[in-house]
Amino acid sequence: MGKSVTVTVVANMTSNYSEGLGNIGSVQKVYKNRKAYATRSRESLKNAIMVQSGLYDDLQTSVDGATQKMVSADLNVANCKALEGGYMSTKGLTYVRNSSFYLTDAIACNHFINETRFHNNLYLASNYASSNGINLQEKSKESGLMPYQYEYDKSLKVYSMTIDLDMVGVDKNFDTEATKEEKYNRVKALLEAVANLSLVVRGNLDNAEPIFVVGGLSERKTHYFENVVRVLNEELVVSSDLKAKIEEGFHVGLLQGGTFTNEAEVIKSLNPSSVREFFATVEDEVKQYYEV
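Keep in mind the model is a prediction, meaning the values are calculated, not measured.

Colleague: Just to check I follow, could you spell out the overall build of the protein for this structure?
Modeller: The number of helices and strands found in the protein is six helices and 21 strands. Overall size of the protein, expressed as C-alpha extent along the three principal axes, is 75 × 55 × 35 Å. Per-residue burial over the protein gives 46% buried out of 292 residues. Long-range contacts, defined here as pairs at least 24 residues apart, represent 73% of the contacts in the protein between residues at least 6 apart. If you sum the accessible surface of the protein, you get close to 15500 Å²; carbon and sulfur atoms cover 47% of it.

Colleague: When you look at the sheet that holds strand E12 (residues 147-151) in this model, what are you seeing that I'm missing?
Modeller: Spatial strand order, E2-E12-E11: three strands in an open sheet with mixed pairing. Of all strands in the sheet, those with a lone pairing partner are strand E2 (24-25) and strand E11 (116-120), marking the two edges.

Colleague: Help me understand the packing of helix H1 (residues 42-53) against helix H3 (residues 180-195), please; the structure alone is not making it clear to me.
Modeller: If you want to describe how two helices pack, look at the angle between their axes and the distance between the axes. Taken N-terminus to C-terminus, the directions of H1 and H3 make an angle of 115°; their axes are 8 Å apart at the nearest point. What the angle tells us is that H1 and H3 run roughly perpendicular. With respect to the hand of their crossing, H1 and H3 are arranged in right-handed fashion. Contacts from Ile49, Gln52 and Ser53 of H1 reach H3 at Ala189, Leu190, Ala193 and Val194. For the contact of H1 with H3, the per-class residue count stands at five nonpolar, two polar and no charged.

Colleague: Any chance you could explain the packing of H3 against helix H6 (residues 275-290) here in plain terms?
Modeller: In the contact formed by H3 and H6, the axes pass within 10 Å of each other and the chain directions differ by 165°. Looking at the two axes, H3 sits roughly antiparallel to H6. By crossing handedness, the relation of H3 to H6 is classed as right-handed. Facing H3, whose interface residues are Lys180, Lys183, Tyr184, Val187, Lys188, Leu191, Glu192, Val194 and Ala195, H6 presents Phe279, Val282, Glu283, Val286, Lys287 and Tyr290. Considered class by class, the residues forming the contact of H3 with H6 number nine nonpolar, no polar and six charged.

Colleague: Would you mind going over H1 with me for this structure?
Modeller: Each full turn of the α-helix corresponds to 3.6 residues, which orients residues three or four apart in the same direction. Here H1 spans 16 Å end to end across twelve residues, near enough to the 16 Å set by a 1.5 Å rise per residue. Residues of H1 that are buried include every one of Ser44, Leu45, Ala48, Ile49, Met50 and Ser53, and no others. Positioned one or two residues after H1, glycine 54 has a phi angle of 90°, which is positive.

Colleague: When you look at the environment of asparagine 227 in this model, what are you seeing that I'm missing?
Modeller: Take asparagine 227: it is sitting in the loop between strand E18 (210-218) and strand E19 (231-232). Between the C-alpha atom of asparagine 227 and that of leucine 242, which follows or precedes it by 15 residues, the distance is 8.9 Å.

Colleague: Explanation requested: the environment of lysine 243 in the structure shown.
Modeller: Relative to the elements of secondary structure, lysine 243 occurs in helix H4 (residues 240-246). Since its relative accessible area comes to 33%, lysine 243 is described here as partly exposed. Once the C-alpha coordinates of lysine 243 and leucine 270 are considered, the two residues, 27 residues apart in sequence, prove to be 7.1 Å apart. Residues within four places of lysine 243 in sequence aside, it is in contact with Val238, Ser269 and Leu270.

Cut-offs applied
- Residues numbered from 1 in each chain as written.
- Predicted model: local features only at pLDDT ≥ 70, side-chain atom pairs only at ≥ 80, totals over all residues.
- Heavy atoms only, no water.
- Helix = DSSP H or I, 4+ residues; strand = E, 2+ residues; numbered from the N terminus.
- Buried < 20%, exposed > 50% of the residue type's maximum accessible area, 1.4 Å probe, protein only.
- Contact = heavy atoms within 4.5 Å.
- Areas by Shrake-Rupley, 256 points an atom, 1.4 Å probe, with all protein chains shown as cover.
- Pairing = 2+ DSSP bridges.
- Axes fitted to C-alpha atoms, helices over the stretch in contact; angles between N-to-C directions.
- Parallel < 35°, antiparallel > 145°, perpendicular 65-115°, else oblique.
- Left-handed = near helix turned anticlockwise from the far one by under 90°.
- Nonpolar A, V, L, I, M, F, W, Y, C, P; charged D, E, K, R; others polar.
- Expected span 1.5 Å × (residues − 1).

Now the structure itself:
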């Protein structure tokens, strides 16, 4: 029976932005339990991981109504890692290949409290006004002075990623398949991107590395820990169901730094390794699975 790699992560990360209203940027949110929660969408996460992992390094695109990934008998998943995230090509015959890995939205653990940041381009406008003999106070529009504001959020968020190990490197549309070593390298690249995730949004550099991570190889191709990893009032919930699932042969990693107020309980109950050791262990299991 085939296997997957599944990881569920708690990370301190920013959100991405939805539609703005005028010059006001609005954080993307979901609504549940009558409250709003900031999110980073699965699409935003997937794009960041594809870029940081290097899987997009050989991306080739074309325009056929909309911009899409180039796909052909000579350029497919087996020899182009950029297609690992799935494709739909409508140029000539239509070809569809689903992604070999899936992500959930990264949803904040606490409900959203609006924190608005106010900015402007005063220095640039002053420079232009000075160079062109403009009185900035009298003719601010002529000088290009532009105030703007946006909601800001950086908070603990939970998300999951699951990789179908039997789908990696396989393109049934063209009956092609990558080597075992290439498959392993792609999975390793995805895992290392999650382990060292760095995001840039609105000019802010965001260290989104895992603070807590749980997972490993699974016979179930789904986000196995999605329903048991919770953070309430800055405490990681150490439930009996979480412990029972971990005992099925999975691993736990923790970045010790006092992020969770019950860090001592987490260490005592779950006996986690470091985050670095967690990913090294899972990568080794993938290597053994592919026999490389």
